[in-house]
Amino acid sequence: MFSILKKIGLLKPQAHQQSQATLPTIQVDMHSHLLPAIDDGSKSIEESLQLIQCLVQLGYRKLITTPHIMSDFYKNTPEIIDTKLKELQKALQDQQIAVEIEAAAEYYFDEWFIRQVRNGDKLLTFGDNYLLFETNFYNKPAQLFEVIFDLQSQGYKPVFAHPERYIYLQSDFKILEKIAERGVFLQLNLNSLSGYYDKPAQDFAEKMLDRKFVHFVGSDCHSSRHIEALKRTQTKKSFAKLAEFELLNNTL
Ligand SMILES: [Fe+2]
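## Points about the overall build of the protein
Line of reasoning, step 1. Looking only at helices and strands, the protein features ten helices and nine strands.
Line of reasoning, step 2. Over its C-alpha trace the protein gives a radius of gyration of 17 Å, about what one expects of a compact globule, namely 18 Å for 252 residues.
Line of reasoning, step 3. The 252 residues of the protein split such that 37% are buried.
Line of reasoning, step 4. Across the protein, every contact between residues at least 6 apart in sequence was considered, and the portion connecting residues at least 24 apart equals 79%.

## Some thoughts on the packing of helix H4 (residues 111-119) against helix H5 (residues 144-153)
Two numbers describe a pair of packed helices, the interaxial angle and the distance between the axes.
Line of reasoning, step 1. Their axes nearest at 10 Å, the elements H4 and H5 cross at an angle of 40 degrees. Pair H4 / H5 crosses with left-handed handedness. Along the contact surface, H4 presents Ile114, Val117 and Arg118, while H5 presents Val147, Asp150 and Leu151.

## Topic: the sheet that holds strand E1 (residues 28-29)
Line of reasoning, step 1. In spatial order, the strands read E1-E2-E4; together these three strands make up an open sheet with parallel pairing. For this open sheet the edge positions go to E1 and strand E4 (100-103), each flanked by a neighbour on one side alone.

Rules used throughout
- Residues numbered from 1 in each chain as written.
- Predicted model: local features only at pLDDT ≥ 70, side-chain atom pairs only at ≥ 80, totals over all residues.
- Helix = DSSP H or I, 4+ residues; strand = E, 2+ residues; numbered from the N terminus.
- Rg over C-alpha atoms; globule rule 2.2 N^0.38 Å.
- Buried ≥ 20, exposed ≤ 12 C-beta atoms within 10 Å, placed from the backbone.
- Contact = placed C-beta atoms within 7 Å.
- Axes fitted to C-alpha atoms, helices over the stretch in contact; angles between N-to-C directions.
- Left-handed = near helix turned anticlockwise from the far one by under 90°.
- Pairing = 2+ DSSP bridges.

Printed below as a string of structure tokens:
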């Protein structure tokens, strides 16, 4: 997979720029919760506009926002997400905020998701048919590899959201190796690099960098707390290491 990635030229962050308050070289974000009142992210259109303005100031020119789809809490459908996206796009236009915004989803790996995959339902994707998913934080889903295979058989390119945050991976790196071997793309949360979540996630994020197990990075922005954390993240040496990566973000 990396030989293919090497062919893709991307702007790279410069180590000497780490003290600057911008992210000039990661111009596309592909994981956030910016649609108003649809999940545990932005609570209102005003908050969405404020968060987006901050992200633009940090250097993003395009935002692919990914509301949760989770049967227990957030029963979002493509129709609900599209309606909210159009509402937000109109507000951005009215406020003359220049940014490109699209929506996909962050699918939680539950029975509802598995059923949709098995039924061949149309799932929300971004870019080149990338599909973002997350799992339970504590236990590896029993059907993880089977469903990954099903998704790939249908032409989807699964992207595993923030592997560094799962306890079952932190205790067994081999599972992540197996996931990567199956051609799953790995998305690191930028704020894991500054210890925003916890120390085990930060340590695991650094291990992923050392092993070059990162294809995308995401803000996973839910609120202004994540914006403030992103500013801190940019000052970290581990953030500067991303200069060595040929991230797929800017291809989107
Ligand atoms: Fe998320």
